[in-house]
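# A closer look at the structure
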Amino acid sequence: TDQDGRDVWGAAVLFTPVGEGSVSAREVVSDEQGYVDIEWFFGLIIGTRVLQVESGKAELAVTVQASAAPPAEIVPVSPLAASARTQETAEEVALLVTDRFGHPSEGVRVIFRVTAGTLGRRSMRTGADGLATTDWTFGAALQGHFLRAVVEDVGELLFTGEVLPGLPQRMERI
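Figured I'd write up the structure that's included with this text. (Residues numbered from 1 in each chain as written. Predicted model: local features only at pLDDT ≥ 70, side-chain atom pairs only at ≥ 80, totals over all residues. Heavy atoms only, no water.)

### Regarding the overall build of the protein chain
Keep this limit in mind: Secondary structure is summarised from DSSP: a helix means a run of H or I of at least four residues, a strand means a run of E of at least two, and numbering begins at the N terminus for each. Here's how the labels work: a residue is buried when its accessible area is under 20% of the maximum for its type, exposed when over 50%, partly exposed in between, all with a 1.4 Å probe on protein chains only. Here, residues are in contact when the closest pair of their heavy atoms is within 4.5 Å. We count Lys and Arg on the positive side and Asp and Glu on the negative side, and we leave His and both chain ends out. A single reference atom marks each charge: NZ on Lys, CZ on Arg, CG on Asp, CD on Glu.
Along the protein chain, the regular secondary structure elements total zero helices and 16 strands. Overall, the protein chain is about 105 × 25 × 20 Å in size when its C-alpha atoms are taken along their principal axes. A burial count over the protein chain gives 29% of its 174 residues as buried. Of the contacts made within the protein chain by residues no fewer than 6 positions apart, 45% connect residues no fewer than 24 positions apart. Mean positive and mean negative side-chain charge positions of the protein chain (14 and 24 charges, respectively) differ by 14 Å.

### Things to note about the pairing of strand β9 (residues 93-99)
So the rule is basically this: In this analysis, strands are considered paired if DSSP registers two or more bridges between them.
By the criterion of burial, β9 is predominantly enclosed, with six of the seven residues buried. Where strand β7 (residues 71-76) and β9 come together, five bridges link them in antiparallel fashion. Residue pairing across strands places I74 opposite V97, the latter belonging to β9. Strand direction decides the pairing type here: β9 and strand β13 (residues 131-134), joined by four bridges, are antiparallel. In the sheet register, V93 faces β13, and the bridge partner there is T134.

### Remarks on the pattern of salt bridges
Rule in force here: Whenever Lys or Arg places a side-chain nitrogen within 4 Å of a carboxyl oxygen from Asp or Glu, that contact is recorded as a salt bridge.
Counted by the stated rule, this structure contains two salt bridges. Two residues, R6 and D4, come together in a salt bridge whose shortest N-O distance is 3.2 Å. E156 serves as the salt-bridge partner of R148, at 2.7 Å between the closest nitrogen and oxygen. Classification of R148 as partly exposed rests on a relative accessible area of 37%.

### Quick word on the sheet that holds β7
The criterion, for reference: Orientation is described by lines fitted to C-alpha atoms, with helices fitted over the stretch in contact, and by angles between N-to-C directions that extend from 0 to 180 degrees.
Pairing within the open sheet is antiparallel, and its three strands lie in the order β7-β9-β13. Lying at the two open borders of the sheet, with one neighbouring strand each, are β7 and β13. On average, each strand axis in the sheet is tilted by 25° relative to the strand beside it, whichever way the strands run.

### What to know about the packing of aromatic side chains
Describing an aromatic ring pair means giving the distance of the ring centres and the angle of the ring planes. Rule in force here: Between rings of Phe, Tyr and Trp, where Trp is taken as its six-membered ring, a pair exists when centres lie within 6.5 Å; planes separated by under 30 degrees are stacked, by over 60 edge-to-face, and by other angles tilted.
Under the criterion given, the structure shown has two aromatic pairs. Ring geometry for W40 versus F42: centroids 5.0 Å apart, planes at 85°, classification edge-to-face. A ring pair is formed by W136 and F138, whose centres lie 4.9 Å apart and whose planes are at 70°; its orientation type is edge-to-face. A relative accessible area of 1% places F138 in the buried class.

### Here's the deal with the side chain of D99
So the rule is basically this: Think of a polar contact as two N or O atoms within 3.5 Å of one another; within protein, one of them needs to be a possible hydrogen donor and the other a possible acceptor, and neighboring residues in sequence only count if both atoms come from side chains.
Its location among the elements puts D99 in strand β9. This buried residue, D99, is left without a salt bridge; R100 holds the nearest opposite charge, at 7.0 Å. Engagement of the side chain of D99 in a polar contact is seen with the backbone nitrogen of A69, the distance being 3.0 Å. Excluding residues that lie within four positions of it along the chain, D99 makes contacts with A68, A69, P70, P71, A72 and S105.

### Focus: the environment of P17
With respect to the helices and strands, P17 occurs in strand β1 (residues 12-18). Spatially, the C-alpha atom of P17 lies 43 Å from that of F112, the residues being 95 residues apart in sequence. Those residues in contact with P17, other than ones at most four positions away along the chain, are S22, V23, W40, V50 and L51.

### What about the layout of surface pockets?
This is how the line gets drawn: Put simply, the grid is 1 Å and covers the protein atoms alone, a cavity is a trapped set of points that fit a 1.4 Å probe, a pocket is an open set with protein on both sides within 12 Å along at least five of seven lines, and lining residues have an atom within 4 Å of a point. Grid points are joined across faces, edges and corners, and a volume is the space filled by probe spheres set on the points.
Of the pockets and cavities examined, the largest pocket occupies roughly 390 Å³. The wall of the largest pocket is formed by 17 residues, among which T1, V13, G34, S55 and A58 lie closest to the centre. Residue assignment for the lining of the largest pocket shows that the elements contributing at least two residues are β5 (47-55) and β6 (58-66).

Have a look at this one:
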């Protein structure tokens, strides 16, 4: 608009992304109602984006926050196979939830289920780093130790547990 608030058609408008990102057109001419239309691509890095807009003597900086896309993948951080003696805790089970670009997904609910043994936690939300963890203590059974980590609408990971032989409890002299 001009100084009197009237639409200005035919005005050249320049768009300049500051830092990461790009625009579909660097320069656009306003239509009969004084509007312009472009697409602004934020790029793959999460964070603050700034778009500098100029037309004549007018300047404007548009600032937005680029965030992660919806969760799309579960990636194991700890080995998918663990081993421990019965009634002992295996190494911590850890996984990473990411969006389709590989960015960590924060606040995603992960449910842990076991066929044998006990868990430090049965569910949790991922942190800002996209990680979810739990401790897994093996039960008395010698076989059938499985842990499933489930993320709704994304999928699941299957961790397996191998029970190691117990330590001798006593020795006899023969």
